[in-house]
Amino acid sequence: MINLKTLNKEQLNAVKQMDGPIMIVAGAGSGKTKVLTYKVAYLIDNGVKPENILALTFTNKAANEMKDRIRELVGTKANSIWMGTFHSIFAKILRIESQQINYKSNFSIYDAEDSLSLVHNIISNFNIELEAITPNGIKHKISYFKNHMVLADEFKKKHAKSFVDEKVAEIFSEYQKRLVENNAMDFEDLLLKPIELFNNNPKVHQKYKKKFQYILVDEFQDTNKAQYELVKMLVNKDGNICVVGDDAQSIYSWRGANIGNMLDFEKDFPKRKVYKLEQNYRSTKNILNAADSIIKNNKEQLLKTLWTENNDGEYLTLIKCSDEKDEAFQIAKHIKQEISKKKLSLKNIAILYRTNAQSRALEDIFRREKIPYKIIGGVEFYKRKEVKDIVAYMRVLSNTNDEESLLRIMNFPQRGIGSTTIKRMIAFARKHNISLYDTMARVFEVIDIKERIQKNVKGFRLLLEKYIDLKDKLSLGELSRALVDDLGVVKMFKEEGTQESRGRMENINELLNSLSEFSSANKEAKLEQYLEDVSLMSDIDSYEETANAVTMLTVHSAKGLEFPIVFISGCEEDIFPLSNRFSADATLEEERRLFYVAVTRAQQKVYITHARSRYRFGEVAYQSRSRFIDELEPSLVKEVNGSIGRKSQRKSKKEIYYEYFESVDYDDFDQDNKTVRPGSRVMHDKFGLGKVTQVTGSGDMLKATVVFEGNNVKQLMLKFAKLKILN
């Protein structure tokens, strides 16, 4: 029997309740992971077979941690539990049942970048030249509607109200068609296809409904419509479902998350029992009271009163800074003070920000002050070009129908297969209703391709055939190393001899190491499993708690983590709360919940920083402090004027332009309409800052006339100019 003595009364009641629907409202730091862990262990202890338990989480990290803890309680039985993220669990089911939905089991999973590339290719193929239609904008729209369970046909019938909408409907429809042809699914399909599967195949539906006798859902407040629909479809006649969540920490509406699911749960399951975990084990009384003074300003919430037996602790410190450089300096200074005063390690400290772009000023100062740091997020390892290129090779070896991956590697490394050749092959493939991969074998039939290039295509096809044949004969580690050697990319980067090429070489070696490690740890695993893990990996999954360095991350990435000391930076209007000019999904109540999440990450001490001026979008902006600072209970906050006696770190306008463009993270703000058009402000590596006066041509021949500083007028081919867009 497992020992339940470490649970408090409400935790114990929630764990021991086995029958019927249960909702656990778990406040920040109230031990919800512990309750979920013990609940699963208690079910197994009381005769429920582990393979009949389905436990759904939101990150692989959470799933792995929970499985490890359950293993400590019940041993190896934990290995049989169906536990993982929504996407990984339903990808597993879809691979098993792939034939029922006209897919092969080796289907590719497209991440956001792959989906964007597909949309871009469709727009290009359709020759659509409308200012309102951009690849980013269309991809965002498709994701939004799919997250709300609106598919292409329904979009066309119910939502296409204008000429532009009709074009979007055409692209949406073609996008879904191409995914099927490529034997690929995007993230949204991993949730929508199981619903389609269960609706169209009652036998399959009953099979899984019968299999999963107990269903547990973590972070229930972050489920979207499709996820909740799937959960309801799988709940058996006994209604054994347990959902755990906190409406005050619902921060993913931009991903389709619906806080209403928590409120609807009682309508869908009228016999549900509710348990409230209100004792906080993480934070001091002052931190908890400060968080409460913020969140009480939200109207939409389930009532709960968090309390703690922890001591009062220190007041929150509010630091007023002159600009973002001074802010970084003040944070570095206070970190040094905290470490010497409290004998803490650097890994006990986190700096949170609203958008990734804010980390750059911090990085500059931390490098100068020689403070070790690590960043969660930013450009994720598997999103780096050279890594994605090698992964694309592996995806084609696994699934030759994956046209997007094949297009990515067709001329990498360069083998003399240009865009004109590729267009002719694609046209041939469409005409004969065959895949691009099959077209490569028939390249001699494609009109107007020179014999020399035909040989190059044939050589590339033979290379792929060689490794497709080897993929089941070699381990993943051996296969990937042999392929990379054959391609000569490491040698190519080595010969380039630049700092950037050395970094790329290191990244490829790191990828090869990860493939070898995966291969050693999972002897039976196939290439498809590795590719799935890579596709479904989030930035937080790579977080290592052992490294002794300050952690820098967005508040979204910090969800579920805790640190003795937390700095919340950039607390100014339009940044935190983020203005809905930059994110249409940023509602004030959600931004407030996000601030609440930030404050409740701290165990001992919270610092809040804001700057009087900040360099944003190519100019100095004078900032007013965040309204959330004013909502904090004043008696809990101690103000410090950080920049007294210290000159502003402000550089010349030109220096800052360059610095900004070197550092800006383009995923931080809504990029839907970021196309070059007359009036756009742009940055060029050589010519500096400029303004676009004219745009002519189309497709690869698109040209812009730009007036740069000093009235320097240039005509640039956009395909090669690498302009960075400011507005």
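Just so it is clear, the model here is predicted, and its values are computed rather than measured.

(A) Representation of the pattern of salt bridges within the structure. With the rule as written, the count across this model stands at 59 salt bridges. Across the pair Glu532 and Arg95 runs a salt bridge whose closest N-O atoms are separated by 2.7 Å. Separated by 437 residues along the polypeptide, Glu532 in helix H24 (residues 527-535) and Arg95 in helix H4 (residues 86-96) bring together distant segments of the chain. In this pair, the class of Glu532 matches that of Arg95, namely buried.

(B) Structural detail: the sheet that holds strand E14 (residues 602-611). Strand order in the open sheet made by the seven strands is E11-E12-E10-E13-E14-E9-E17, with parallel pairing throughout. The sheet is open, and its two edges are formed by strand E11 (373-375) and strand E17 (637-641), each paired on a single side. Along the sheet, successive strands turn relative to each other by an average axial angle of 20 degrees, direction set aside. Both strand E13 (residues 563-568) and E14 contribute to a ladder of five bridges, which runs parallel. What sits directly across from Ile565, in E14, is Lys605. Strand contacts of helix H13 (residues 285-295): strand E9 (316-321) and E14, with the helix running at about 50 degrees to E14, the strand carrying the most contacts. Here helix H14 (residues 324-342) sits on the sheet in contact with E9, strand E10 (349-353), strand E12 (550-554), E13 and E14, set at roughly 155 degrees to E14.

(C) Quick peek at helix H12 (residues 260-268). Buried residues of H12: Gly260, Asn261, Met262 and Phe265, and no others. On its buried side, H12 packs onto strand E1 (22-26), helix H11 (225-234) and strand E7 (241-245).

(D) Seen up close, the packing of aromatic side chains. Across all of its chains, the model carries 20 aromatic pairs by this definition. Taking the centre distance of 4.9 Å and the plane angle of 70 degrees together, the rings of Phe145 and Phe155 count as edge-to-face. Taken together, the positions of Phe145 in helix H6 (residues 135-147) and Phe155 in helix H7 (residues 152-159) put the pair 10 residues apart, joining distant regions of the chain. A residue is classified by how much of its surface remains accessible, and Phe145, at 13% relative accessible area, is buried. Its relative accessible area of 1% is what places Phe155 among the buried residues.

(E) Geometry of the environment of Ser535. Mapped onto the fold, Ser535 is located in helix H24. The exposure class of Ser535 is buried, given its relative accessible area of 12%. Taking the C-alpha atoms as reference, Ser535 lies 41 Å from Lys342; in sequence the two are 193 residues apart. Discounting residues that sit within four places of it in the chain, Ser535 has contacts with Ile109 and Phe187.

(F) Representation of the pairing of strand E2 (residues 53-57) in the model. Summarising burial for E2: five of the five residues are buried, a large majority. Across the two faces of E2 the burial is the same, with Ile53, Ala55 and Thr57 and Leu54 and Leu56 all buried. In the sheet, E2 pairs with strand E6 (residues 214-217) via four bridges, with the strands oriented parallel. The residue of E6 that forms the bridge with Leu56 is Val217. Across four bridges, E2 lies against strand E3 (residues 82-85) in parallel orientation. The partner of Thr57 across the bridge, within E3, is Thr85. Remark: the E2/helix H3 (residues 60-74)/E3 crossover connection has right-handed handedness.

(G) Here's a closer look at the domain arrangement of the protein chain. Under the domain assignment, the protein chain is made up of domain 1 (9-99 + 191-279), domain 2 (108-182), domain 3 (316-378 + 542-641), domain 4 (381-536) and domain 5 (680-725). Inter-centroid distance (C-alpha atoms) of domain 1 to domain 3 is 33 Å. On the domain 3 side, the residues contacting the 16 residues of domain 1 number 13 residues. The contact between domain 1 and domain 3 buries some 1200 Å² in all, and 52% of this surface belongs to carbon and sulfur atoms. For the pair domain 1 and domain 3, the number of links is two salt bridges. Asp222 is paired through a salt bridge with Lys559; the nearest N and O atoms lie 2.9 Å apart. Partitioning the side of domain 1 that touches domain 3 into residue classes produces six nonpolar, four polar and six charged.

Basis of the calculations
Residues numbered from 1 in each chain as written. Predicted model: local features only at pLDDT ≥ 70, side-chain atom pairs only at ≥ 80, totals over all residues. Heavy atoms only, no water. Salt bridge = Lys/Arg side-chain N within 4 Å of Asp/Glu carboxyl O. Helix = DSSP H or I, 4+ residues; strand = E, 2+ residues; numbered from the N terminus. Buried < 20%, exposed > 50% of the residue type's maximum accessible area, 1.4 Å probe, protein only. Pairing = 2+ DSSP bridges. Axes fitted to C-alpha atoms, helices over the stretch in contact; angles between N-to-C directions. Contact = heavy atoms within 4.5 Å. Phe/Tyr/Trp six-rings, centres within 6.5 Å; stacked < 30°, edge-to-face > 60°. Right-handed = clockwise from strand over helix to strand, strands pointing away. Domains from an automatic or database assignment. Buried area = accessible area lost by both parts, 1.4 Å probe. Nonpolar A, V, L, I, M, F, W, Y, C, P; charged D, E, K, R; others polar.

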